[in-house]
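One letter stands for each residue in the lines below.
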Amino acid sequence: MANQLYDELECDGLLSGSETLMVYGKHWVELTQSLYEPKKSNVYIVFDGQWRIDWHQTEGLIVVTKENVQENYIKQLQAKKINYILAGTGEHIDLNLALQKIYDMGFRRLGLSGGGSINGAFLRQNLIDEISLVLSPLAVGGKNTPRFSTVMIWNH
């Protein structure tokens, strides 16, 4: 459903933080029907400033990380032919610099579907242009389970 929504909102790509992948990636979900294949938003941009992911899915992936990244992480990205962006050397990825580099790659409208950390970082730096709240008729429990989805749009 989310991928279809990004297409309806005419997003060039989807963006999240690595924490979102780690939360969603720990649980197996049995699908009763095939996933919606996005028509327009066919790139997934993941901000991974802590170099925690051993990437397996590489198609359509762009990883954003810091310039002072560990050398073995860059070697992994290069060996797996994953496109990546280096942005900032501080404690966190430089969001403005990353978005400028993403813009230079031709992306103009991104759907941000991360968790509280990355969504909050984008909000604090005034990098969100519109917000859509997605309500689903689904009850999911658990201490670390996301409660609802937001779609935040960066549009430049």
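Residues numbered from 1 in each chain as written. Predicted model: local features only at pLDDT ≥ 70, side-chain atom pairs only at ≥ 80, totals over all residues. Heavy atoms only, no water.

1. Re the overall build of the protein chain
Then, number 1: The helix and strand tally for the protein chain stands at 5 helices and 7 strands.
Then, number 2: The buried share of the protein chain, taken over its 156 residues, is 39%.
Then, number 3: Across the protein chain, the fraction of contacts at a sequence separation of at least 24, relative to all contacts at a separation of at least 6, is 59%.
Then, number 4: Element-wise, carbon and sulfur atoms account for 51% of the exposed surface of the protein chain, whose accessible area totals about 9,800 Å². (Helix = DSSP H or I, 4+ residues; strand = E, 2+ residues; numbered from the N terminus. Buried < 20%, exposed > 50% of the residue type's maximum accessible area, 1.4 Å probe, protein only. Contact = heavy atoms within 4.5 Å. Areas by Shrake-Rupley, 256 points an atom, 1.4 Å probe, with all protein chains shown as cover.)

2. Regarding the pattern of salt bridges
Then, number 1: Inspection of the entire model under this criterion finds 2 salt bridges.
Then, number 2: The salt bridge involving K75 is made with E71; its shortest N-O contact spans 3.3 Å. Of the two residues, K75 and E71 are both situated in helix α3 (residues 71-79); the distance of 4 residues between them amounts to about one turn of the helix. (Salt bridge = Lys/Arg side-chain N within 4 Å of Asp/Glu carboxyl O.)

3. Focus: the pairing of strand β4 (residues 83-86)
Note on strand geometry: in a regular strand, side chains alternate between the two faces of the sheet.
Then, number 1: When strand β3 (residues 61-65) meets β4, the two strands line up parallel, connected through 4 bridges. By the bridge assignment, V63 is partnered in β4 with Y84.
Then, number 2: Between the parallel pair β3 and β4, the chain is carried across by α3, and the sense of this crossover is right-handed. (Pairing = 2+ DSSP bridges. Right-handed = clockwise from strand over helix to strand, strands pointing away.)

4. Let's talk about the packing of aromatic side chains
Then, number 1: Taken as a whole, this structure holds 1 aromatic pair when the rule is applied.
Then, number 2: Ring geometry for F47 versus F122: centroids 5.8 Å apart, planes at 75°, classification edge-to-face. Highlighted residues: F47 in strand β2 (residues 44-47) and F122 in helix α5 (residues 116-124), separated in sequence by 75 residues.
Then, number 3: Positioned above the aromatic ring of Y103, the side-chain terminus of R108 is 3.6 Å from the ring centre. (Phe/Tyr/Trp six-rings, centres within 6.5 Å; stacked < 30°, edge-to-face > 60°. Lys NZ or Arg CZ within 6 Å of the ring centre and 35° of its normal.)

5. Quick look at α3
Then, number 1: Those residues of α3 not exposed but buried are Y73, I74, Q76 and L77. All buried residues of α3 project into a common sector of 155° when viewed along the axis, lining one side. Exposed side of α3, more than 90 degrees from the buried face: E71, N72 and A79 are the residues found there.
Then, number 2: Considering only its buried residues, α3 is in contact with β3 and β4. (Arc of directions from axis to C-beta.)

6. Brief notes about the environment of T65
Then, number 1: Take T65: it is sitting in strand β3.
Then, number 2: Residue T65 is classed as buried on the basis of its relative accessible area of 0%.
Then, number 3: Counting along the chain gives 29 residues from T65 to D94, while the straight-line C-alpha distance between them is 8.9 Å.
Then, number 4: Here D48 takes part through its backbone oxygen, which lies 2.8 Å from a polar atom of the side chain of T65. (Polar contact = N/O pair within 3.5 Å; in protein donor to acceptor, adjacent residues only side chain to side chain.)

7. Some thoughts on the nonpolar core
Then, number 1: Of all hydrophobic cores here, the largest spans 21 residues; its most connected members are L15, I45, F47, V64, I102 and F122.
Then, number 2: It is helix α4 (residues 95-104) that provides the largest number of residues to this core, a total of 4 residues.
Then, number 3: Aside from chain neighbours lying at most four places away, what touches V64 is I45, V46, F47, D48, G49, I85, I93, A98 and I102. (Core = buried A, V, L, I, M, F, W, Y, C linked by side-chain atoms within 4.5 Å.)

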